[in-house]
Amino acid sequence: MIKKDSISLFVIPFYNEFNRICINEYHKTFLLDDSIDFLLVDDGSTDDTRTLLRQFERDYPRVHLLINARNNGKAEAIRTAILSFPLDKYRYIGYLDADLATPAEELIKMATFIENNPQYNFIMGSRIKKMGSAITRYAYRHYFGRIFATIVSYFIIKTAVYDTQCGAKIIEKELAAVLFQAPFHTRWLFDIELLLRYKKQNALFALNIFEFSLDTWTEKGKSKITLKDLIGFPFQLIKIYRKYV
């Protein structure tokens, strides 16, 4: 349970998610802990997503809605939320994916961990398959992810990182405001950019980041990352390397 004197804001970006949203799961999520506010970001949806999000906002006092006029992508949706929404009362900013592949209960565990371990100000969810966990991923995505993570760890970040691309992160508010200040150079690999931005300002950044092993993570439906995006990943990594390394 998160301490009552500390309120966290969990940001969830949405784009045309109406047919993918499990409404009952969200109702359960919004009642989990009264020390959490949720900021739902409609990123220019053209289906009925916005209508559903407005209903969530009406039904729950801790749910807020931010509407982007056009689709800018997940990275920019989260960045816009952090830069434009009043954050004064929050201590930590978290974000997770709209399909709740990472259940909000896991993010609450992460928030509790960061509060109890003040040496860390950046917590990353990590999808490590181990005994006692329930990590469900498509095999091809798991193996692609391992190859990708190895390349990123050794050649880009140059620090041991198991899982940069898990959609669950929690960052101390002041740090989040700094890391999300500038626009990102990539659409899907912004998590890597966040780590490199942190590394650039803090040579000992790895001592302040913790990879939190999730107990539950479930692959849900088709990924929004297209074959074209996958083919473009090497070029995006080169772009990141040239910009930050």
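Conventions used here
Residues numbered from 1 in each chain as written. Predicted model: local features only at pLDDT ≥ 70, side-chain atom pairs only at ≥ 80, totals over all residues. Heavy atoms only, no water. Axes fitted to C-alpha atoms, helices over the stretch in contact; angles between N-to-C directions. Helix = DSSP H or I, 4+ residues; strand = E, 2+ residues; numbered from the N terminus. Parallel < 35°, antiparallel > 145°, perpendicular 65-115°, else oblique. Left-handed = near helix turned anticlockwise from the far one by under 90°. Contact = heavy atoms within 4.5 Å. Nonpolar A, V, L, I, M, F, W, Y, C, P; charged D, E, K, R; others polar. Core = buried A, V, L, I, M, F, W, Y, C linked by side-chain atoms within 4.5 Å. Buried < 20%, exposed > 50% of the residue type's maximum accessible area, 1.4 Å probe, protein only. Salt bridge = Lys/Arg side-chain N within 4 Å of Asp/Glu carboxyl O.

Some remarks on the packing of helix α5 (residues 139-157) against helix α7 (residues 190-201)
Relative orientation of the contacting elements α5 and α7 amounts to 25 degrees, with a least axis distance of 12 Å. With respect to α7, the element α5 is oriented roughly parallel. The handedness of the crossing between α5 and α7 is right-handed. For the pair α5 and α7, contact is made by Phe148, Val152, Ile156 and Ile157 and by Ile192, Leu195, Leu196 and Lys199, respectively. Of the residues belonging to the contact of α5 with α7, the class tally is seven nonpolar, no polar and one charged.

Quick notes on the nonpolar core
In terms of nonpolar packing, the biggest core is built from 42 residues, with Val11, Phe122, Phe180 and Ile192 touching the most fellow members. When residues of this core are assigned to their parent elements, the largest contribution, six residues, is made by α7. Contact partners of Phe122, with chain neighbours within four places excluded, come to Ile114, Lys169, Ile170, Ile171, Leu175, Leu179, Leu194, Leu195, Tyr198, Asn208, Ile209 and Phe210.

As for the pattern of salt bridges
Considering all chains together, one arrives at 15 salt bridges under this definition. Note that Glu105 is salt-bridged to Lys28, the shortest N-O span being 3.5 Å. Taken as a pair, Glu105 in helix α4 (residues 104-116) and Lys28 in helix α1 (residues 23-30) lie far apart in primary sequence, 77 residues in all. Judged by its relative accessible area of 28%, Glu105 is partly exposed. We classify Lys28 as exposed; its relative accessible area is 51%. The salt bridge involving Arg62 is made with Asp37; its shortest N-O contact spans 2.7 Å.

Points about the packing of α1 against helix α2 (residues 49-59)
Closest axis-to-axis distance for the α1/α2 pair is 12 Å, and the angle between their directions is 30 degrees. Classified by the angle their axes make, α1 and α2 are roughly parallel. Read as a crossing pair, α1 and α2 show a hand that is right-handed. In this structure, α1 contributes Ile23, Tyr26, His27 and Phe30 to the contact, and α2 contributes Leu52, Phe56 and Asp59.

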